[in-house]
Amino acid sequence: MSEKRKMTLTTQVLLGMFLGIVLGLAFNLTGLNAGGTFTGDYIVNGLFHVVGKMFVNALKMLVVPLVFFSLICGVCGIGDIRMLGRVGTKSFALYMLTTAIAIATAIIIAAGLGIGGGLDLATTSDFSGREAPPLTQVLIDIIPTNPLAAMAEGDMLPIIFFSIMVGISILMVGTKAKSVVEGAEIANEIMMKMVNIIMAVAPYAVFALICKAVANLGLELLASLAGYVLVLVGALMFHLFVTLMIVLKVFSGLNPVTFMKKIRNAQVFAFSTASSNATIPVTMRTVTERYGVDNSVASFTVPFGATINMDGTAIMQGVATVFIANVYGVELGMAGYLTVILMSVLASIGTAGVPGVGLIMLSMVFTQVGLPVEGIGLILGVDRLMDMIRTAVNVSGDAAVSCIVAKSEKKLDTEVYNDPTAGALSVDDAIHIDPKIEEELAQVVDRVHGQT
Ligand code: ASP
């Protein structure tokens, strides 16, 4: 298969994103997105809404079985069970470190530029905060009382815990459990194939999702909050292109340009779904098949990162805190900012990577430092777009840390990492079915029927 053909899917997804932005803007500027118009009711909030939601559901559908089976395979294939502890410790430390750097950078940039000063927006807001769970409860909830309930709810930390326990217990049972491991390997492979199927429709779904999001953007609001938006996007880009890439280079020696080129698909999925959790299947595929990270590392670091690692969200919290403190004329001081850093890092552990969760974390931070929670109402209108961008940064952080940890454990195939075509998909090979295999399977089914 030629390289050109293989790159088609990424190109198509990017094209879908681009066309979605253009058409979305056109709808927005001409008012064709409004309720009561045919295009608004039946296209933007009808067809595009349905297609987008169906796609996000399809991704979410894969998350739990994929994490469960790949973690079982990961634990069983690890060879040395102590490695599990090391992977856990290293990834936790790196996730916390990058999140702390992220929010500190954000505060320094935002405070240095003095955003929000002189603005008088205080009376327009009506946001009431929600509590983020306390850390003690987060720790308790890591252990599920009912693993099936945790799976039904998609609670990532308890699912990770249960899957690791199953994997370790399988190892303890030994050869008798060989068929279970083989079963999990096959199930994992099947799930990864399903990721490919869903990726094949991604160009259209990404188009629909982004077109709807852009069409419904409050452009005037965006303009009135231009200072906040620009500083936030600037800090996010700085973290993505500078901080994360320095961390990647320093800790692993891997080439950041290669990393950036291969992460695009996962970033577009994160951007259009605004959910690190829903993006897990794509991040997992990117990390294992495009970067060459062994499943024994990726099966843990990717879902773990989607839950506890939120660099982009932390940056939003830093910028929003400075912005709202300035709008309300509250002097936070050094102690206040340090509390913000600590609270944001802690809050990211207990909250899942789903759309809009950053605002909930922000309300927790605000309560802690004595900022008015209603202040969050000021940035609510632009938060969806900011959520999309920061989720792309969150997911990039998950992938970067997965590469660093894998490299340090000698579980990264540098040949795959450096091969620009490794793991690249075209629509054709995404859903390729070998006619010979089809025939063979049909015979198996026939045989089984014959026996019954
Ligand atoms: N949507 C983000 C994520 O899934 C979390 C947030 O910032 O709201 O990573």
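Residues numbered from 1 in each chain as written. Predicted model: local features only at pLDDT ≥ 70, side-chain atom pairs only at ≥ 80, totals over all residues. Heavy atoms only, no water.

1. What to know about the site of the ligand
At step 1: Taken together, 14 residues surround the ligand, and among them Ser 276, Thr 313, Gly 358, Asp 387 and Arg 390 come closest.
At step 2: Interatomic distance of 2.6 Å between a side-chain N/O atom of Thr 313 and an oxygen atom of the ligand.
At step 3: Measuring from an oxygen atom of the ligand, one finds a side-chain N or O atom of Asn 394 at 2.8 Å.
At step 4: Here the ligand, which alone exposes 270 Å², has 100% of that area covered by the protein. (Near = heavy atom within 4 Å. Polar contact = N/O pair within 3.5 Å; in protein donor to acceptor, adjacent residues only side chain to side chain. Areas by Shrake-Rupley, 256 points an atom, 1.4 Å probe, with all protein chains shown as cover.)

2. Looking at the pattern of salt bridges
At step 1: Using the criterion set out here, one finds six salt bridges in the structure.
At step 2: In this structure, Glu 409 and Arg 86 form a salt bridge, with 2.8 Å as the shortest nitrogen-oxygen distance. Of this pair, Glu 409 sits in the loop between helix H19 (383–408) and helix H20 (414–418) while Arg 86 is found in helix H4 (residues 81–113), placing the two residues 323 residues apart along the sequence.
At step 3: On the basis of relative accessible area, Glu 409 is assigned to the buried category, the value being 10%.
At step 4: Look at Arg 86 and you get partly exposed, because its relative accessible area is 36%.
At step 5: Between Glu 289 and Arg 285 there is a salt bridge whose closest N-O contact spans 3.3 Å. (Salt bridge = Lys/Arg side-chain N within 4 Å of Asp/Glu carboxyl O. Helix = DSSP H or I, 4+ residues; strand = E, 2+ residues; numbered from the N terminus. Buried < 20%, exposed > 50% of the residue type's maximum accessible area, 1.4 Å probe, protein only.)

3. Re the packing of helix H14 (residues 295–308) against H19
At step 1: Following both chains from N to C, one finds H14 and H19 inclined at 145 degrees, their axes separated by 9 Å at the closest point. At the point where H14 passes H19, the crossing takes the right-handed sense. On H19, the residues that touch Val 297, Thr 301, Val 302, Gly 305 and Ala 306 of H14 are Asp 398, Ser 402, Val 405 and Ala 406. (Axes fitted to C-alpha atoms, helices over the stretch in contact; angles between N-to-C directions. Left-handed = near helix turned anticlockwise from the far one by under 90°. Contact = heavy atoms within 4.5 Å.)

4. Thoughts on the environment of Thr 105
At step 1: Turning to its location among the elements, Thr 105 is positioned in helix H4.
At step 2: For Thr 105, a relative accessible area of 17% gives the class buried.
At step 3: Counting along the chain gives 131 residues from Thr 105 to Leu 236, while the straight-line C-alpha distance between them is 9.6 Å.

5. Description of the environment of Gly 227
At step 1: With respect to the element layout, Gly 227 can be found in helix H11 (residues 226–252).
At step 2: Linking Gly 227 and Gly 116, residues 111 residues apart in sequence, is a C-alpha distance of 7.3 Å.

6. Here's the deal with the nonpolar core
At step 1: Tyr 228, Phe 259 and Val 319 are the most contacted members of the largest nonpolar core, which has 144 residues in total.
At step 2: Here this core takes 15 residues from helix H3 (residues 38–76), the largest share from any one element.
At step 3: The residues contacting Phe 259, other than those within four sequence positions of it, are Met 245, Leu 248, Tyr 291, Ser 396, Ala 399, Ala 400, Cys 403 and Tyr 417.
At step 4: By size, the runner-up hydrophobic cluster in this structure holds six residues, among which are Val 44, Ala 208, Cys 211 and Ala 215. (Core = buried A, V, L, I, M, F, W, Y, C linked by side-chain atoms within 4.5 Å.)

7. Some points on the confidence of the model for the protein
At step 1: With 94% of its residues at a pLDDT of 70 or more, the protein shows a mean pLDDT of 89.
At step 2: Note that residues 1–5 has pLDDT below 50 and, in this model, six contacts with residues that lie over four places away or in other chains. (pLDDT = per-residue confidence, 0-100.)

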